[in-house]
Amino acid sequence: MRKHTRSAILTVASLLSVLVGAEVAARAWLPAVPPDAHTWPRAEIGQKLEQIDAYEERGEDMDVLFVGSSQMAASTNAQLFTEQTGLSSYNAAFAGPSMRTVGRWTLDVVEPKLSPDVVVVGIASRDSNDRSRKNKKVHEAFLSSPGYRQETASLASEFEGWLEDLSVFMRYRRLMREPATFLERTEDELGEQEVRMAIGERGLRLVEPVDYRFRLAGQRSLGKGTLGNFKTGGREYRAVVEMHDVLEERGVEMVLVNMPLTEDYLGAHEDVVAEMTSYRDFLADIVAATGVPFVDAEKAFETPKAFRDLLHLDVEGRDAFTEAFAQAWDDISGDAHLLMECTNKPMPECDLHPAP
Amino acid sequence: MLFNSLEFAAFASITLILYWMLRLRDQNVLLLIASYLFYSAWDWRFLSLLIFQSLVDYVAGLGIGRSQDERVRKRYLIAAITINLMVLATFKYFGFFVDSAMGLLRWIGLEPNPPLLEIILPIGISFYTFQSITYSFDVYRRRLPPTTSFLNYAVFVAYFPHMIAGPIQRANHLLPQIERPRTRPTGQQVRSGLFLIVMGLFKKVAIADAVAGVANEAFRMGSSAGSATLLIGVAAFSLQIYGDFAGYSDCARGVSRLFGIELTRNFEQPYLSRNITEFWRTWHISLSSWLHDYLYIPLGGNQGGKLVTYRNLMLTMLLGGLWHGASWTFVIWGGLHGLLLSVHRAFGGHAQRGRPSTPRWRDVPSILATFTGVSLLWVFFRSGTLTQAIDYLGGLFSFTSGPVNSNHLILVLVSALMVLILDLGQRITGDHSVVLRWSPPIRGAAIGVLILSVLMWSGGDAQPFIYFQF
């Protein structure tokens, strides 16, 4: 064998041994994690996408698609909606996003797979804050996630996705970029248990009922996080209008729902009167610009009894909210403007009727 | 199309395969097409500007070369330089000049209402304009015969491995290489070219991008963060800008070497400098030597006495600062470097010519002092406004305590250690590709570690190079 050839073989062998060694070390040291666990900023997105892909593979289109943040994820029971209306539906909402992220998720990922006739968009003031650093961070994490890049299917992102499926080292490399945090985590924390949640058919979050409990820390966190530096409009406004325009081009109707809130949530606003006025103007502008049916459920519940926390309905509240929606479904069209009102005695019951 | 993207890897590979299948003239046609495609991938609208500037300098070069009348030659030179600088001034500095003039008028009590023009900066304009000027100057000074081929000249200006962010090539270095037949690179040249690409990607992805978030966070927080966080932030930016720009330069040289064309080095371990003069001989060498030869020397250099020398240093560095960007922060950054250079010279300091020597233990204090000074001045370079820079420095020197992000601290320390190891290795051996001289198993392991680090920090959207904005 010539000297150069032997030298090249030795170099390449040594190089490969470093790469293989890193992979072996990662497999030995790190817990086995499903390939999708860190593909999206939240495992919930990956889990719902698995279901959505399964519906798509079976050729099951949805009549109604629910999208939004955790409020919509927690507040709508798509299984119940389907039972009551006979319309197939799916709740694709997940925790964290504001409207700009919901727009990309809906238009680029979910709608093309499920081909719904109607998309119901849940919104609250937190989703309208154009200056929220948290909203920006969530959006950037979503757009730069391997999952989104693979779904939007550039060659490079498909290649990256293939590498991550193949290699534990590649799958964990983002976590390893924060060495101090990474070393502090236990295997369980890194593993499946922490990141995956229980999700039933049609994207239903499977949760046990809990009593409402006010948490000051939660209110402060909301105030400093998504509601901080509050200013409506801009990218968040454009995202909703774009979502409507693109859906309309695709022959899909859109419905906008102002989601139910507690008084404690409103208390997280620094200047609740000015900021909520600005938010309601934001909604009015969207409705005027798009002409979508609008359901206002913001003050549907007078007390927080039907909620789990500041902004998420509990199981009974969720089902009452969904039933009201299902019963009034035929009225939610054209330029309808409906108001939701609920009672809490003895169980939550809600009713949708035309706004005065 | 970034060097650190798969799109560029595919583009460069296809161009390279076709390139070595062609004859010289066809090779240059291919290089020009590839370079214009590369540029169009950024913004096709400015391709016509690039071609226009190439045409102006090509015609001016012919005019200078063919005339024996010094006045005519000078007119051609002045015309070429004026047009180049006017294009640069219009696209890069118009807004800055208008804003500054308006600020001045407001200061004296007037309320001007100027027309608003949103001018987009053509990518790479500062680099290719300076490179074009070297051609006109070198032909005028009879250091270089004018090229008679527009194709060759256009390739010289637009050559894609370096056109966006340098290294700025002298006409008398690059143009002859484009004009003469090229031989296929040897195995050694291919290996060293590939190694430079891997090393460049390592510096960009595993050093610069790794600490970019640390610097961004610190500069976003400003004085609301504790002094320790701001100190880590400024160290992070020092490492980021070095890794980013040196990484780009290494990639450019590596890619170009595969095409059989050698580009000049742009960095010689600048953070091992023992004084500010040595720093400027080792940092962004292609720009600092351009400023020396085409600005400092024509201004008189050090031939007019001490005061004239200091004036020339200040002017050169002020304009060097302004070259980086149309903002007062860059002007102040350049001015402060000019001041440090003048002070160093005033105290009899100098830097040795040629390649800097290997540092000794006794040099450690002066190296640390130089690094500290340079890093503090990076605050002006990195800040969006003067107010932000002052706020940052105020916070840094307020010596307030605050929580320190241990992830950030570890990233900066590891990155600093990697830069130190790489630069010391290069400085001691005098070889940028010293790894290739090691025994095959160690060489393979070292390259494996570099590739592993790049893989670890890869993914998501490729981060653009900082100097692309200039």
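Look up: the structure comes first, before these words.
Residues numbered from 1 in each chain as written. Chains lettered and ligands numbered in written order. Predicted model: local features only at pLDDT ≥ 70, side-chain atom pairs only at ≥ 80, totals over all residues. Heavy atoms only, no water.

Undergrad: So what exactly am I meant to see when it comes to the pairing of strand β4 (residues 253-258) of chain A here?
TA: As a general feature of sheets, a regular strand has side chains that alternate between the two faces. Residue and element names in this part refer to chain A. Most of β4 sits out of view: five of its six residues are buried. As defined by bridge partners, β4 adjoins strand β5 (residues 294-296) across three bridges and the pair is classed as parallel. What sits directly across from valine 257, in β5, is valine 295. (Buried < 20%, exposed > 50% of the residue type's maximum accessible area, 1.4 Å probe, protein only. Helix = DSSP H or I, 4+ residues; strand = E, 2+ residues; numbered from the N terminus. Pairing = 2+ DSSP bridges.)

Undergrad: Would you take a moment to explain unusual backbone geometry for this structure?
TA: In most cases, non-glycine residues show a negative phi, while peptide bonds are predominantly trans. Even without being glycine, arginine 142 of chain B reaches a positive phi, approximately 60 degrees. Considering the arrangement of structural elements, one finds arginine 142 of chain B in the loop between α5 (125-140) and α6 (150-158).

Undergrad: Please clarify how the state of the cysteines should be interpreted in this entry.
TA: All names here are of chain A. Evaluation of the coordinates by the stated rule reveals one disulfide over all chains. Linked covalently through their sulfurs, cysteine 342 and cysteine 350 form a disulfide whose S-S length is 2.1 Å. Disulfide cysteine 342-cysteine 350: torsion about the S-S bond near 110 degrees, hence right-handed. You'll find cysteine 342 and cysteine 350 in the same group, each marked buried. (Disulfide = S-S within 2.5 Å.)

Undergrad: Even after reading the chapter, I still don't get the sheet that holds strand β6 (residues 337-343) of chain A, so can you show me in this structure?
TA: All names here are of chain A. One open sheet accounts for seven strands, arranged β2-β1-β3-β4-β5-β6-β7; its pairing is mixed. A strand with exactly one partner marks an edge of an open sheet, and here the two such strands are β2 (89-91) and β7 (349-354). Strand-to-strand twist of the sheet, defined as the mean angle between neighbouring strand axes without regard to direction, takes the value 20 degrees. Relative to the sheet, helix α16 (residues 272-290) contacts β3 (118-123), β4 and β5, its axis offset from that of β4 by approximately 165 degrees. (Axes fitted to C-alpha atoms, helices over the stretch in contact; angles between N-to-C directions. Contact = heavy atoms within 4.5 Å.)

Undergrad: Is there a simple way to think about the packing of helix α1 (residues 6-19) of chain B against helix α2 (residues 24-43) of chain B in this case?
TA: For any two helices packed against each other, one specifies the inter-axial angle together with the distance between the axes. Residues and elements named next belong to chain B. At a minimum axis separation of 10 Å, α1 and α2 run at an interaxial angle of 165 degrees. When the interaxial angle is binned, α1 and α2 end up roughly antiparallel. Between α1 and α2 the crossing geometry is right-handed. Residue-level contacts link Phe8, Phe11, Thr15, Leu18 and Tyr19 of α1 to Gln27, Leu30, Leu31, Ala34, Leu37 and Phe38 of α2. Partitioned by chemical class, the residues of the contact of α1 with α2 number nine nonpolar, two polar and no charged. (Parallel < 35°, antiparallel > 145°, perpendicular 65-115°, else oblique. Left-handed = near helix turned anticlockwise from the far one by under 90°. Nonpolar A, V, L, I, M, F, W, Y, C, P; charged D, E, K, R; others polar.)

Undergrad: What am I meant to see in the nonpolar core here?
TA: Where a protein is soluble and globular, its nonpolar side chains tend to be buried together. In terms of nonpolar packing, the biggest core is built from 146 residues, with Tyr39, Leu50, Phe156, Phe160, Trp283 and Trp378 of chain B touching the most fellow members. With 15 residues, the single largest contributor to this core is helix α9 (residues 227-258) of chain B. Of the residues that make up this core, three or more belong to each of domain 1 (5-179) and domain 2 (188-273 + 356-469) of chain B. Judged by nonpolar contacts, the second largest core, of 81 residues, contains Val110, Leu114, Ala268 and Leu283 of chain A. (Core = buried A, V, L, I, M, F, W, Y, C linked by side-chain atoms within 4.5 Å. Domains from an automatic or database assignment.)

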